[in-house]
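# Remarks on the overall topology
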Amino acid sequence: MKSIIIIANFCRKFDGTINGRFLYLAEMLANKGFCVELITSNFSHGMKKFKEAPVDTYKSIITYVHEPGYQSNISFKRLYSHWKWGMNVGKYLNSHPVPDYIYCAIPSLTVALKAGKYARRYNVKFIEDVQDLWPEAFGLVIKNRFLRNVLLFPFKLYANRIYELADKVIAVSETYKNRAMSVQGNDAAGLCIYLGNDKVVFDSAKLKYHVDRPDDEIWLCYIGSLSYSYDIECVIDALDVVKKRGQVNCNIKFMIIGDGPLREKFTCYANEKEVYAEFTGRLSYEKMVGLLCSCDIVVNPINKGAAQSITNKVGDYALSGLPVINTQECEEYRMLIDRYNCGINCEVGNSENVALAIEKLVLNEEIRLHMGRQSRILAEERFDRRKTYESIVEIFEK
């Protein structure tokens, strides 16, 4: 029996559900007859606390490797924590029987370099799954461009070394795949598979946790982190513009599902503008799906210069069957919206532009419903894991 080690730092809890990319893939491979071990951190990045022991209902083996932990996403302590976890995983691999394959998530970087060198040493096939671009993702934190380039240059060289070690690159977007392939120089070794979600699980949660709401309200929804990359203030400004213009004769409620370091700032700004908004905080995935699908329109407001590409929320938005108002610069996502006619692309940071998009979708139900149907078609073709992840499984089968 062929053995596969999957290494992924940022896994969700192991409570019997199968909702993260790497656990989902591990179980798919185990069901295909592979011996699969998923190595992950014992620290929860989202909850900022140590995880409870995994339940024993999975076919794959779940192994926790210790990470010191941190409280702030932007801190030297986080960098140290990821570095230490990578070193600990390296020690674990050296005490472990040599597998046939290693499938490693990027980020974090230290563990990918350790695993890649281990794979080269023992002639193990090494497959990288690029989830985010480090250090590019930290660009917004360092405002001065010169200082940013100087500080991040050594990390870019570090990332380049990691990409060079891959026998195959999987990425969650064409944008990320192309970044890795620019180092590899072999486009045939790259494959784009969006994060996506399980359509059956999503639709079950949609029915179970549907939320009743007033008939005279339109709900605008955002899901995700309330942090530096996301321009929630632009949406609040747009809703203020819509309210002052007075062309919409119904109440528009802004539902913000998620948490993060800027939640208090965004809440205060919504109160200052007297915008009808509700900050729900972090919800379970199932309850998030129920509330999301009870809304009418979704927004994807991302700040200028952010490195995000095809994010988690994009798949949820598509599966919800709702039209999206998008300010993200990423050409890949803007092209998907245009190709499928499932939403409206706006200029980044332009609240007037966003206000016009809101008015168009609120005032024209036919357009709103049509774009929503197109959004669901996009989901079924590109974001349903039951279909799309088969391409990853085929790599191991062949």
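Everything that follows concerns the structure shown earlier in this document.
The rules behind the values
Residues numbered from 1 in each chain as written. Predicted model: local features only at pLDDT ≥ 70, side-chain atom pairs only at ≥ 80, totals over all residues. Heavy atoms only, no water. Disulfide = S-S within 2.5 Å. Buried < 20%, exposed > 50% of the residue type's maximum accessible area, 1.4 Å probe, protein only. Helix = DSSP H or I, 4+ residues; strand = E, 2+ residues; numbered from the N terminus. Expected span 1.5 Å × (residues − 1). Contact = heavy atoms within 4.5 Å. Pairing = 2+ DSSP bridges. Axes fitted to C-alpha atoms, helices over the stretch in contact; angles between N-to-C directions. 1 Å grid on protein atoms, 1.4 Å probe; cavity = no way out; pocket = protein on both sides within 12 Å on 5 of 7 lines; lining within 4 Å. Points joined across faces, edges and corners; volume = space filled by probe spheres on them. Nonpolar A, V, L, I, M, F, W, Y, C, P; charged D, E, K, R; others polar. Parallel < 35°, antiparallel > 145°, perpendicular 65-115°, else oblique. Left-handed = near helix turned anticlockwise from the far one by under 90°.

### Quick word on the state of the cysteines
Considering all chains together, one arrives at 0 disulfides under this definition. C104 takes part in no disulfide bond, and the closest cysteine sulfur to it belongs to C11, at a distance of 11 Å. Residue classification places C104 among the buried residues on the basis of a relative accessible area of 0%. Here C293 is not disulfide-linked; the sulfur of C295 is the nearest cysteine sulfur, at 8.6 Å. On the accessibility criterion, C293 (12% relative accessible area) is buried.

### Things to note about unusual backbone geometry
Omega for the bond connecting I106 with P107 falls within 30 degrees of zero, at 0°, which places this linkage in the cis form. Relative to the helices and strands, P107 resides in the loop between β6 (101-106) and α3 (109-121). One non-glycine residue, K48, adopts positive backbone phi at about 60°. With respect to the helices, strands and loops of the structure, K48 is situated in the loop between β3 (43-44) and β4 (49-50). The exposure class assigned to K48 is buried, which follows from its relative accessible area of 18%. For N341, which is not a glycine, the phi torsion comes out positive at approximately 50°. Summarising the element assignment, N341 is placed in the loop between α11 (331-340) and β15 (343-345). Judged by relative accessible area, which is 32%, N341 ranks as partly exposed.

### Topic: helix α2 (residues 76-94)
The terminal C-alpha atoms of α2, which comprises 19 residues, lie 27 Å apart, in line with the 27 Å expected from a rise of 1.5 Å per residue. Of all the positions in α2, only R78, S81, H82, W85, G86, N88, V89, G90 and L93 are classed as buried. Those residues of α2 that are buried lie in contact with β1 (3-7), β2 (35-41), β5 (61-65) and α3.

### Some remarks on the side chain of S81
With respect to the helices and strands, S81 occurs in helix α2. Since its relative accessible area comes to 0%, S81 is described here as buried. Apart from the residues lying within four places of it in its own chain, the contact partners of S81 are E67, P68, G69 and Y70.

### Digging into the sheet that holds strand β12 (residues 277-281)
Pairing is parallel across the open sheet formed by 6 strands, whose spatial order is β12-β11-β10-β13-β14-β15. Of all strands in the sheet, those bounded by a partner on one side alone are β12 and β15. When the angles between neighbouring strand axes are averaged without regard to direction, this sheet yields 20°.

### Examining empty space enclosed by the protein
Evaluated as defined, the whole model comprises 1 cavity of 30 Å³ or more. Its volume calculated, the largest cavity comes out at about 40 Å³. In terms of lining residues, the largest cavity is bounded by V314, Y317, A318, L322, V324, Y333, C342, S375 and L378. Of the residues that constitute the lining of the largest cavity, the class distribution is 8 nonpolar, 1 polar and no charged.

### A look at the packing of helix α6 (residues 199-208) against helix α9 (residues 285-292)
At their nearest, the axes of α6 and α9 sit 7 Å apart, and the two run at 70° to each other. Judged by the inter-axis angle, α6 sits roughly perpendicular to α9. Crossing geometry of α6 relative to α9 is assigned as right-handed. Packed against α6, whose contacting residues are F202, A205 and K206, the element α9 presents Y285, E286, V289, G290 and L292 at the interface.

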